[in-house]
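Residue-level listing of the chains:
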Amino acid sequence: QVQLAESGGGLAQAGGSLSLSCTVSGGPFSIMGWFRQAPGKEREFVAAMARLSSTDYGDSVKGRFTISRDNANTLYLQMNNLNPEDTAVYYCAAKAKTISRRPADWGLWGQGTQVTVSS
């Protein structure tokens, strides 16, 4: 059974940093990524990475967040220069073939981890 499990969320001050991890059991998958969802908003693409290292970032996080992965089973998201607009539940996701920014294209999801940034 495939499972994705996020960890590392929490509380940070504006300008601070947090890092997230996602461990995949039953993988590896060619594409892994991060999405986020704030209360009352749609799920938003954050970043994704293919196994051969190509990456894509959402416009709102480009230059502040960095996605990485180890050889197979763990995905990371380093978040720097956080601001209150980054407050959301962050989800890890996995899919095959190509990177997509559309949540509907991703078939596997973790339970999410809360990130809260105070001003």
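Small disclaimer: the values here were computed from a predicted structure and weren't measured. (Residues numbered from 1 in each chain as written. Predicted model: local features only at pLDDT ≥ 70, side-chain atom pairs only at ≥ 80, totals over all residues. Heavy atoms only, no water.)

**What to know about the overall build of the protein**
So, step 1. Secondary structure summary: the protein contains 0 helices and 11 strands in total.
So, step 2. Of the regular secondary structure in the protein, the N- to C-terminal order runs β-β-β-β-β-β-β-β-β-β-β.
So, step 3. Its C-alpha atoms give the protein a radius of gyration of 13 Å, within 12% of the compact-globule value 14 Å for 119 residues.
So, step 4. In terms of overall dimensions, the protein has a C-alpha envelope of 40 × 25 × 20 Å along the principal axes.
So, step 5. When each of the 119 residues of the protein is scored for burial, the buried share is 39%. (Helix = DSSP H or I, 4+ residues; strand = E, 2+ residues; numbered from the N terminus. Rg over C-alpha atoms; globule rule 2.2 N^0.38 Å. Buried < 20%, exposed > 50% of the residue type's maximum accessible area, 1.4 Å probe, protein only.)

**Here's the deal with the sheet that holds strand 3 (residues 18-25)**
So, step 1. In spatial order, the strands read 1-3-8-7; together these 4 strands make up an open sheet with antiparallel pairing. Unpaired on one side and paired on the other, strand 1 (3-7) and strand 7 (65-69) mark the two borders of the sheet. In this sheet, adjacent strand axes meet at a mean angle of 15° when their direction is disregarded.
So, step 2. In terms of strand pairing, strand 3 meets strand 8 (residues 74-79) through 6 bridges, oriented antiparallel. By the bridge assignment for strand 8, Cys22 is matched with Leu75. (Pairing = 2+ DSSP bridges. Axes fitted to C-alpha atoms, helices over the stretch in contact; angles between N-to-C directions.)

**Concerning the state of the cysteines**
So, step 1. Counted according to the given criterion, the structure contains 1 disulfide.
So, step 2. Each sulfur in the disulfide pair Cys22 and Cys92 lies 2.0 Å from the other. Given an S-S torsion of about -80°, the disulfide between Cys22 and Cys92 has left-handed geometry. Residue Cys22 is found in strand 3, and its partner Cys92 is found in strand 9 (residues 88-95); the two are separated by 70 residues along the sequence. In this structure, Cys22 and Cys92 share a single accessibility class: buried. (Disulfide = S-S within 2.5 Å.)

**As for the nonpolar core**
So, step 1. Grouped together as the largest cluster of nonpolar side chains are 27 residues, with contacts concentrated most on Trp34, Leu77, Met79 and Tyr90.
So, step 2. Breaking this core down by element, the ones donating at least two residues are strand 3, strand 4 (31-37), strand 5 (44-50), strand 7, strand 8, strand 9 and strand 11 (113-118).
So, step 3. Leu77 has contacts with Leu18, Ser19, Leu20, Trp34, Val46, Ala47, Phe65, Thr66, Ile67 and Tyr90, leaving out every residue within four places of it along the chain.
So, step 4. Listed in part, the 7 residues of the second largest apolar core include Ile31, Phe35, Ala50 and Trp106. (Core = buried A, V, L, I, M, F, W, Y, C linked by side-chain atoms within 4.5 Å. Contact = heavy atoms within 4.5 Å.)

**Topic: the packing of aromatic side chains**
So, step 1. Tallied over the entire structure, the rule returns 4 aromatic pairs.
So, step 2. Note on Phe35 and Trp106: the rings are 5.4 Å apart at their centroids and 75° apart in plane angle, and the pair reads as edge-to-face. Residue Phe35 is found in strand 4, and its partner Trp106 is found in the loop between strand 9 and strand 10 (108-109); the two are separated by 71 residues along the sequence.
So, step 3. You can call Trp106 buried: its relative accessible area is 4%.
So, step 4. Pairwise contacts between aromatic rings join Phe35, Phe45, Tyr91, Trp106 and Trp109 into one cluster.
So, step 5. The side chain of Arg43 reaches across the aromatic face of Trp109, ending 4.6 Å from its centre. (Phe/Tyr/Trp six-rings, centres within 6.5 Å; stacked < 30°, edge-to-face > 60°. Lys NZ or Arg CZ within 6 Å of the ring centre and 35° of its normal.)

**Digging into the side chain of Lys95**
So, step 1. By secondary structure assignment, the location of Lys95 is in strand 9.
So, step 2. A distance of 2.5 Å separates a polar side-chain atom of Lys95 from the backbone oxygen of Thr98.
So, step 3. In contact with Lys95, not counting residues within four places along its chain, are Phe29, Ser30, Ile31, Ser100, Asp105 and Trp106. (Polar contact = N/O pair within 3.5 Å; in protein donor to acceptor, adjacent residues only side chain to side chain.)

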